[in-house]
Each structure stands twice: as C-alpha cells, then as structure tokens.
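Observations on the model geometry
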Amino acid sequence: MNPGTTLKAARRVSVFDLSQPGLGGSGITDPDFDGEHIPDELSEFATRKNTGLPELSEVDVVRHFTRLSQDTFGVDLGPYPLGSCTMKYNPKRNDAMADLPGFARVHPAQPKDSMPGLWTLFHNLQEHLAEITGMDAFTLQPAAGAHGELTGLLTIRRHFESKKQNRSVILIPDSAHGTNPASAAMSGYICKIIPTTKEGTLDVEAMRSMLDGDVAALMMTNPSTLGLFDPNIEEIAKTLHDNGSLLYYDGANLNALMGLVRPGDMGFDVIHINTHKTLSTPHGGGGPGAGPCGVKAFLEPYLPIPVVTRNDHGEIEAQFDRPLSIGRVKSYFGHVSILIKAYCYILSNGAEGLRMVSENAVLNANYMQSSLSDLLPPVFQQRCMHECLLSGGDLDVDPFDFVKRLIDFGVHPPTLVGAGCVHFSDEYDAAMLIEPTETESLAVLDDMIAQFRKVAREVAVARYMIETAPHTTDVAKIITDEPAFLSMLEADKPCDSKSS
Amino acid sequence: MASLPGYNVLREQDRSHMLEKIGVDSIDQLIDFIPANLRLQQPLDLPVAMSEWQLKSHLTELASQNESADSHVCFLGGGVYDHHIPAVVDTIASRGEFLTAYTPYQPEISQGLLRVLSDFQLVVGRLFDVPVVNCSVYDGATALAESAWMAISASGENRLIVSDTIWPEHLEVLHLYMANRDVEIEMISHDESAGTCDLASLESALQQPAAAVIAQSPNCFGILEDVKTLVQKAHQKDCLAVIGCYPTSLGIIEAPGTHGADIVYAEGQSLGLPLAAGGPYMGMIGTREALIDFLPGRLVGETKDIKGEPALALIKQEREQHVRRHKATSHICSNQALMALRTLVYLSLMGESGLRRVATLSAQKAHYLCAELEKVAGISKSYQGAFFNEFCIDVPVNASKLIEKLRQQGFHAGIECSSHDNSQDRLLIAVTETKSLDTLNHFIQVFTQSLKKLS
Ligand SMILES: Cc1ncc(COP(=O)(O)O)c(C=O)c1O
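Remember, predicted model here, so these are calculated numbers, not experimental data.

**Side note on the site of the ligand**
All names here are of chain A. Inspection of the region around the ligand gives 17 residues, with Ser84, Gly145, Asp250, His276 and Lys277 positioned closest. In the model, an oxygen atom of the ligand is placed 3.0 Å from a nitrogen or oxygen of the Asn274 side chain. In this structure, Lys277 approaches the ligand through a side-chain N or O atom, which is 3.0 Å from an oxygen atom. Considering each element in turn, the shell around the ligand owes the most residues, three residues, to helix H6 (residues 145-162). Among the residues making up the shell around the ligand, the classes are represented as six nonpolar, eight polar and three charged.

**Focus: the domain arrangement of chain B**
In terms of domain boundaries, chain B breaks down into domain 1 (12-57), domain 2 (73-82 + 353-454) and domain 3 (87-347). If you average the C-alpha positions of domain 1 of chain B and of domain 3 of chain B, the two centres end up 44 Å apart.

**Quick look at the interface of chain B and chain A**
Facing the 186 residues of chain B at the interface are 204 residues of chain A. Where chain B packs against chain A, one counts 13 salt bridges. A salt bridge links Arg328 of chain A to Glu169 of chain B; the shortest N-O distance between them is 3.1 Å. At the boundary of chain B and chain A, one finds 99 residue pairs in polar contact (both at pLDDT 80 or more). Take the side of chain B that touches chain A: its biggest share by element is 25 residues, from helix H12 (residues 337-374) of chain B. Taken together, the residues of the side of chain B that touches chain A break down into 97 nonpolar, 48 polar and 41 charged.

**Section: the environment of Cys388 of chain A**
All names here are of chain A. On the secondary structure map, Cys388 appears in strand S10 (residues 388-391). The class for Cys388 is buried, based on a relative accessible area of 0%. Considering only alpha carbons, one finds Cys388 and Ile434, 46 residues apart in sequence, at a separation of 5.3 Å. Setting aside residues up to four positions removed in sequence, Cys388 forms contacts with Ala365, Met368, Gln369, Met432, Leu433 and Ile434.

**Some details on the confidence of the model for chain A**
With 93% of its residues at a pLDDT of 70 or more, chain A has an overall mean of 93. For residues 491-500 of chain A, every residue scores under 50 in pLDDT, and the model assigns this stretch 39 contacts once sequence neighbours within four places are set aside.

**Description of the packing of aromatic side chains**
Applying the stated criterion across every chain, the model contains 18 aromatic pairs over all chains. Ring centres 5.9 Å apart and planes at 75° place the aromatic pair Phe33 of chain A and Tyr368 of chain B in the edge-to-face group. In this pair, Phe33 of chain A is assigned in the loop between helix H1 (7-10) and helix H2 (58-70) and Tyr368 of chain B in helix H12, connecting two distinct chains. The exposure class assigned to Phe33 of chain A is buried, which follows from its relative accessible area of 11%. Exposure remark for Tyr368 of chain B: the relative accessible area of 24% places this residue in the partly exposed category. Summarising the aromatic geometry, the rings of Phe443 of chain B and Phe447 of chain B are spaced 5.4 Å apart at their centres and angled 75° between planes, so their arrangement reads as edge-to-face. Here Phe443 of chain B pairs with Phe447 of chain B, and both are found in helix H15 (residues 437-454), just four residues apart, close to one helical turn. Residues Phe443 of chain B and Phe447 of chain B agree in their burial class; the two are buried. Three or more aromatic residues joined by ring pairs make a cluster, and in this case those are Trp119, Phe122, Tyr332 and Phe333 of chain A. Seen from the ring of Tyr189 of chain A, Arg157 of chain A lies directly overhead, with NZ or CZ sitting 4.7 Å from the centre. A cation over an aromatic ring shows up here: Arg181 of chain B above the ring of Trp149 of chain B, its NZ or CZ 3.6 Å from the ring centre.

**Comments concerning the packing of helix H12 (residues 399-408) of chain A against helix H13 (residues 442-461) of chain A**
Residue and element names in this part refer to chain A. Put simply, H12 and H13 touch, their axes get as near as 10 Å, and they point 125° apart. Relative to H13, the element H12 lies oblique. The chirality of how H12 crosses H13 is right-handed. Along its contact with H12, which presents Phe402, Arg405 and Leu406, the element H13 presents Gln451, Phe452, Val455, Ala456 and Glu458. Taken together, the residues of the contact of H12 with H13 break down into five nonpolar, one polar and two charged.

**Quick word on unusual backbone geometry**
The peptide bond linking Ala469 of chain A to Pro470 of chain A adopts the cis configuration, its omega dihedral lying at 5°. Tracing the sequence through the fold places Pro470 of chain A in the loop between helix H14 (463-467) and strand S12 (483-486). Cis peptide bonds are those with omega within 30 degrees of zero, and the linkage from Ser217 of chain B to Pro218 of chain B qualifies with -5°. Unlike most non-glycine residues, Asp129 of chain B shows phi in positive territory, near 60°.

**Quick notes on the pairing of strand S6 (residues 270-273) of chain A**
Every regular strand shows the same layout, with side chains that alternate between the two sheet faces. All names here are of chain A. Burial along S6 is two-sided: Val270 and His272 and Ile271 and Ile273, pointing in opposite directions, are all buried. In this sheet, S6 lies alongside strand S5 (residues 246-251) in parallel orientation, the contact comprising four bridges. What sits directly across from Asp250, in S6, is His272. Sheet analysis places S6 next to strand S7 (residues 293-295), joined by three bridges and oriented antiparallel. Across the sheet, the residue bridging to Ile271 is Gly294, located in S7.

**Examining the side chain of Arg48 of chain A**
With respect to the secondary-structure elements, Arg48 of chain A resides in the loop between H1 and H2. Reaching out from Arg48 of chain A, the side chain makes a polar contact with the backbone oxygen of Leu127 of chain B at a distance of 2.7 Å. Contacts of Arg48 of chain A, omitting those with residues within four sequence positions, involve Arg126, Leu127, Asp129, Leu250, Ile252, Ile253, Glu254, Ala255 and Arg356 of chain B.

**Considerations on the sheet that holds strand S7 (residues 263-267) of chain B**
All names here are of chain B. Pairing is mixed in the open sheet, where seven strands are placed in the order S2-S8-S7-S6-S5-S3-S4. Here the strands that pair on one side only, and so sit at the sheet edges, are strand S2 (132-133) and strand S4 (184-188). Bridging between strand S3 (residues 159-163) and S4 involves five bridges; their strand directions are parallel. Residue Ile161 lies in a different strand from S4, and its bridge partner there is Glu186. Against the sheet, helix H7 (residues 140-155) makes contact with S3, strand S5 (212-217), strand S6 (240-245), S7 and strand S8 (283-287), and its axis sits at roughly 165° relative to S7, the strand it touches most. Along the sheet face, helix H8 (residues 168-178) touches S3 and S4 and points at about 160° away from the line of S4.

**Brief notes about the side chain of Lys435 of chain B**
Residues and elements named next belong to chain B. With respect to the element layout, Lys435 can be found in the loop between strand S15 (426-430) and H15. A distance of 3.4 Å separates a polar side-chain atom of Lys435 from the backbone oxygen of Cys74. In this structure the side chain of Lys435 is engaged in a polar contact, spanning 3.2 Å, whose partner is the side chain of Thr432. Contacts of Lys435, omitting those with residues within four sequence positions, involve Val73, Cys74, Phe75, Asp82, Lys365 and Leu440.

**Re the sheet that holds strand S14 (residues 415-416) of chain B**
Residue and element names in this part refer to chain B. In spatial order, the strands read S11-S12-S15-S14; together these four strands make up an open sheet with antiparallel pairing. Edge positions in the sheet fall to strand S11 (380-381) and S14, since each of these pairs with one other strand and no more. Where S11 and strand S12 (residues 390-394) come together, two bridges link them in antiparallel fashion. Among the inter-strand pairings, Ser380 is bridged to a residue of S12, identified as Asp394. Across the face of the sheet, H12 comes into contact with S11, S12 and S15 while running at roughly 10° to S12.

Parameters and conventions
Residues numbered from 1 in each chain as written. Chains lettered and ligands numbered in written order. Predicted model: local features only at pLDDT ≥ 70, side-chain atom pairs only at ≥ 80, totals over all residues. Heavy atoms only, no water. Near = heavy atom within 4 Å. Polar contact = N/O pair within 3.5 Å; in protein donor to acceptor, adjacent residues only side chain to side chain. Helix = DSSP H or I, 4+ residues; strand = E, 2+ residues; numbered from the N terminus. Nonpolar A, V, L, I, M, F, W, Y, C, P; charged D, E, K, R; others polar. Domains from an automatic or database assignment. Contact = heavy atoms within 4.5 Å. Salt bridge = Lys/Arg side-chain N within 4 Å of Asp/Glu carboxyl O. Buried < 20%, exposed > 50% of the residue type's maximum accessible area, 1.4 Å probe, protein only. pLDDT = per-residue confidence, 0-100. Phe/Tyr/Trp six-rings, centres within 6.5 Å; stacked < 30°, edge-to-face > 60°. Lys NZ or Arg CZ within 6 Å of the ring centre and 35° of its normal. Axes fitted to C-alpha atoms, helices over the stretch in contact; angles between N-to-C directions. Parallel < 35°, antiparallel > 145°, perpendicular 65-115°, else oblique. Left-handed = near helix turned anticlockwise from the far one by under 90°. Pairing = 2+ DSSP bridges.

Listed below in structure tokens is the structure:
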C-alpha cells in the first residue's frame, strides 16, 4: 500500500498496510548501550524472534492518525445531542492543567508525602463534590460510572454485613441503564425490576409490593433516563428507609441538578458522578472517564482504600489502614488526570456558573422539545429536565433512518434504542432521547431544529435520501443485521457475529 | 454587559426568548415540578469562579508541590514505568475529534476511531500472540479480575488457583471482585530463592478441579516466571491458563500466547501512557477465539455498508451490559479508548525494531545497574531467577531510611518491598531506556555513600 493514502482512504487501511520494514523505532538509541545484545542471564527468556508489529516512519504515523481523526465526529466538530451521554463542550484549559508535569509526571509509588499538591486537590475536589451533591464523603477511586456503581453497591453490602443483615436484592427501574443491573450482579445481588408508570415515573405501588427484608437498595437516577424528574422521590426514599433499605443515585443525569436540587437532600444514601458527563471531562472516544462515589456519613468507613482525608495533625493524606473498608477497587488513586479536569471545571464555573449550567441544560432541552413537538411529540406530555424523549412514531419513516440523515446536516444523531447507551422498554421503540446540553447556543439549537425539520420535509419528497443516509460520509449506511467479523490478521480465522 | 459565568452560552435575551417559546415565565416555573422543599435555597458553597489565569496559577501552585519523575530520577516500577513517550503520541491523542467523541455507536461518523480501535486489537493481538483482544478495561488490576471472571464463566468451575507473585494491589482488586460471586481463591506460594511460583504448591492445588491458574510474568519481584510450564501444568488438569504480562517486555520475551495461555492480560501503561500519579491507565485482555463470548468490553469488527463496501462497527454487543444487562460479561461501559489510541500510536511509532530496542535497552541498563549494585558491600540480589528490567535487592540498612536519604539527593530509588513478603530491607528497582549511563553511575555512587552513612 502506498503510504501516501488520501484522507478518504485512511479508514480503509490498517497500520499493517502502511508498514515498511526498517522504518520503525527511529531514534531509539543510546550512546553507551547497544540496544541489541540481550543480557546473558535473560537469554533463556528473551527468545522472541519477532513481534510482527508494523514499521512506520514518524511522518506516516502523524498523517495516518490525523486523517483518521478527520473521519471521527466529536463535540469539537458539532452538536452531539446523544441523550444520557451529556456530550457537552470540554474546556481546553482543563486538559492543559492535567498535563502539568507536576501531575502528569508523578509516579504513583512515590513516597506518599511527596505529592501534597495532589492530596490537596483530591481533598478540595471531594469537598466540592460533597457540596454539589449533598453527600458527606467521597472516594475518587472509581474509573467510570459503572465502576462507581460497583463501589457504591459493595459499600452498601458491607453496611448490611456489619449490621448482620442478609439482604440480597437490588431494585432497579425498567428504564435503568444496563450498567446498573450488571454492577448489581457483579456485587452478588439479585436484580428485581420495577415498572415505569404511564406518566414516566417509578411505579411506587409496585415498588412497595416488592419491599421486604431482602431488599438492600433501590438504584435510581433522577431525572430518569426518560428525562423526567420523579416528584415522588421523597416518598420513595422514605418508604425504602422505613424498610431498612438504602437508595442509590446513578449520577449520570446530574447535569440537570447542580445548584438546583441535591441528591443527598432527596434522600439518596450513595451516589456516583460521571465526571465525563456532568463535569465536562472529555469522553475520549469511549473513555477514560471517572466515577467518584459519594456516601452519607454512616457509610464512610466502608469506602475503598486509599481514603484521602485529614489526619489528626490536620494534614491531608492518603490512608490505607481502614479496617472497615470494602478494600481496593482499582490500582492506586483513581483516574487522576480526569479528576484534575473535573476540579478545574468546578473552579472555573463557581456556584453561579454551575447553577446556570444546569438551568441552561434544562432550558435547552425544553426548547428543543417545544420547538419540535408538532413533528416529534413528547412521549410524556410534560416539561422535561436536561433531555427530552420525543416520539418518532408519527414520522412515517423509520426513526433509525431519520436520525442517520441528520448526519448529513452536521448533527450527531440522538440516542435511539440500540444506537446509544441507554435502555428503553419496548413501548418507547420509536423514541429519541435528545440531550442538547447547555453548551449549545440558541443559534445552534435553532439550526439543529431546522435540520430536523428539513429531514422531516424530505420524507414526502425524497424518502430514499433518508433511507440511504448518510451521504456525506465516505462510508455508506451501516445496518445492524449485516454479518460482521472480528478483524484478524492472515492466519487467524474470522468468526461470525452480528454487528448489533 | 456582565460576563457569563463558566462556559455558559445563553445570553439573558436568549433565555427570555426560550422561556417564552416554552410558555413559562421563569426558570423556577420551568422546573416547578420539583417539590419546592427540595429546591436549594442558597447558592452552593464553592470557591468564587476563577478566570483562566487564576486557575492556571492555582493549579501550577498545586503541581509545584509534588515531586515527580522530572524533579527526581525515577527508578520506581511496580507495574508502572517511566518509559519515554514520543511527542507524536500526545499530538495525536489531543486531537479534538478523538478526544471529544463518544463510544462509536454511530459507525458512519466514527470510521476513524473504529479503525484505531480495530488496529489496537490487531497490534496488541500480535504483541500477546493471541487472535482476539478487546478495546480495553479500566486498568491492569481490573483486567486481572475480569480475566478471572472470564475463566470462571467459561469453565463452569468456581475455583481459581492464583500465584502470590502477582502485584499485591492487583490481588486486592481480584479478591474484591470475586468476593460476592461464589468464587474460591487458592493462593499458591513462591520459591523464596528463585522468586518464582512454587511448582509443588501449584501441583497440589491442581489436585482439585479449578477454572484457571493465574500467574504474572515478570512477577512482583521483577522475576520472569516459567510461563510455558505453568501453562502446561494448567492444561494437563483441564484448567485455563491466565497470564499477566508487562507489554514492553514482549519486545524480546516470548509472548504468553505463544506458550498457549488462554487469556493474556496486562497493564498497558508502559505503552505510551503518562505516569499521571496512577491513572488513567489501561487494562488489556486478549484471548483465544473459543472464549470470545466471555470477553468483557467493546469489540470492533468488519462489516459492510449498504453499498457492500467494507466498514467497521462495534460487534458482538450481545455480551455487553446495554444488551444483556445483569447477565452481561461485565458492567463496563466507558472504557479507556483514548489510552488505546495512545498505545496504538506508540506501538506504530516503535514498530518491531523500536519496541525490541526499548525492551533491550531497559534490560541492559537494569542488568548493568543490578550488577554494579551487587558489587557494593552488603548488597545482594534477593532472588536468583532471571529478571527483565526490575529487580529486588537486599540492603543492610533500613530500606525506608535509605529511600528517604536517596530522595533528598534527587532519586526515587525504588519501592520498599515489605508489602510483598514482610522483609524490611528489600528494594524493588526498575530501570527504563531513559536512564543514561551517567545517571546510573551517579546513582550507584550516591547509593553507596548513603548506605555508608546509614550503617
Ligand atoms: C444512566 C447511566 N448510568 C450509568 C452509565 C454508565 O457510566 P459509565 O459509562 O461511566 O460507566 C451511563 C453511561 O453511559 C448512563 O447513561
């Protein structure tokens, strides 16, 4: 393959296609060591003849990956109203701060007293998160939302163990994200599913009927993944607490609440925050994020080690000797550089800025909902929080095709069943979850709305343009029931699958 | 006009216009379905919003309080290594298109990212010598735990035979992940002299059925295990072999896949990821085709677009939490995709010959340092087994005092090994290609002097 591939062709070639033996690893030299002779003692193990890694020149690497980046859509390129994912603008200054060598070049096994600046940052961030959410203590360890769930659930488990109660059930609403039941299963819990009412709220009566001494907790996100605030939350909390059960908050939708309402005040006992949603840390093409986990005071002793806190002398330190702790959920201290970005975001906004973030997130979603209601009626006839669930049932075209056409007009499709990260019950099959986020201006919203309308007008006049969209991408529409294969090199046989 | 706080983009006139369109008078009315008693009555108690320059000075001040691999020569390892990261890795990984994309659920506008992830799978597959690799899990420790669960699910057995020479932190995570899942973990001991897995202990553990034998090479003493024998012994008893590795070492060390390991896992930090005080790093898992249905996390594969042209997409999602929910292979959703990109760029720059040289230089320098330190009176190598670039030495003085003394002179000399096997006077020292001969010699000199002063 000619390394001078064009932009369009970049996606079609692998780094193996671009390999020219002899071009790799330039400049990996040392004046005093030859880099070739294997130390005698090692020779019995260092028998590897070749790795089969491709050999590219530096300029070829830069061009190839730059071209690939240009075949990838991110928030930096345009609006990304992917419901439940909070694809807001990720401030560049935060990235720059995380890259400071005094953070980025710290080895985690350094003496614990060699990184006081980091502990101060951790401590401040924990306090700010506690203030924003109304919780008492935070661990910054978890790597992502799902990992925060696991941490929180294990904490709940330890709480009941210490009370000598054997509770084995976690209640989960049917609209919950898939990570909720998966994390519950990993923590050794059985999941029971609570239905959603016609109004889109948790069915409190159904929940009541499921309560017994076996229920450890209810996992819930409020607003829900249907974009609705559950006004019965206090009753739900009280009913659970009366049953001796706890309430877990999936913080994926916290972007709607900052400075307005706090999960801790609603009665939640445990919470995780997705910093890569609410606190603007970049999604990175699927990660890394961070999932700090907050608890009410009575659960604090069970948080994973290390715990960053003030010692008796008032110094902030990382504590490892915590007899009641659940243990360790991951190596070292969490996703430090991500946490730094989240910290910077909070500091740049301040209290007023964060409140306005949430107000505007809600305002933008409602503006979209109102502006599109004739075309895409809201599934629930009421105002939404930071995302709106609109029905594509009246479109006279498959919503899956409809949203693909938006791509041609510069808009990332909203979340659909199977096309985003959330779970919908089958009844909402034709629904789209639109989360514009607060960082889209009115002009951008109006433009997005115009694009939705343009596509809708096409249904009657140029239906095939929708059904075969997108047209502006190098690749054409990819449909899910096409057979798919795991890419493999030469000798390795492909295996069958579906690209669901 | 007052400046908008934070990153907000709606002017007052925009907000009024939008409220009107929605048909409400105010934000309060917009969210009046939230019970009034739950609404916060006062502003959050947070520091006053900072300008970019204030933020920079605050963060710079915090960063300046930390020692680092820039202020001190870093001989720390323990699974995390100060290898060189070419500037190209940062340049590519900070491209906004990659940085600000989500998981490629919309393949038509994610072909670039999907190509990255697919190539990552292929390149790591080569490195591990296995056909199937996923798109990453959180870190090396959770990669171990997820691999163990794969073995449990695939085999139907609930017992794991685990070497005690795996990184202690990784073992802690493994124990926590298995704690409530009806899994029995039997630890096997190591040979105190060689510093490797004790085969007698392994054989006795293998008398009873188990899902897998799990070991790590190089191990927590830096010593290379006899992976071939471990795999053979596991297979003789119908157990899966799960092997943890140090990816950089695979530039010269035989790959676990070549020895027949069924699942290969690793901490990917050494392949172009910053030290970053512990993360984000990246867990890597590779396996045989037969175990693909038990893999956690994303997988990218080839499909066709409606014109019949080749295209890439996420595949085998029926394993994942958003489809299988409580029966999923794992809960993982957000993963370490950007770290996978860094790793792919790193390995593309290194290539066959570059990775080989990085590995060889690291080994040469480590062996040089070890040999020179052994000449110093009172110092001896702790284990006789072969090491790659990290080794344990016994010192005749209190190890933490020695570390402190060397720290005052600009070295992070090593990790105290007490947590490994309760010896007070042991240091684990790692050397990478970035340490020059002058630096090594200077270190030896300062090390010798510090020992004298302490003894
Ligand atoms: C409602 C909800 N819960 C949990 C998660 C899982 O978070 P993460 O991807 O950070 O593990 C998500 C993210 O997609 C989500 O939308």
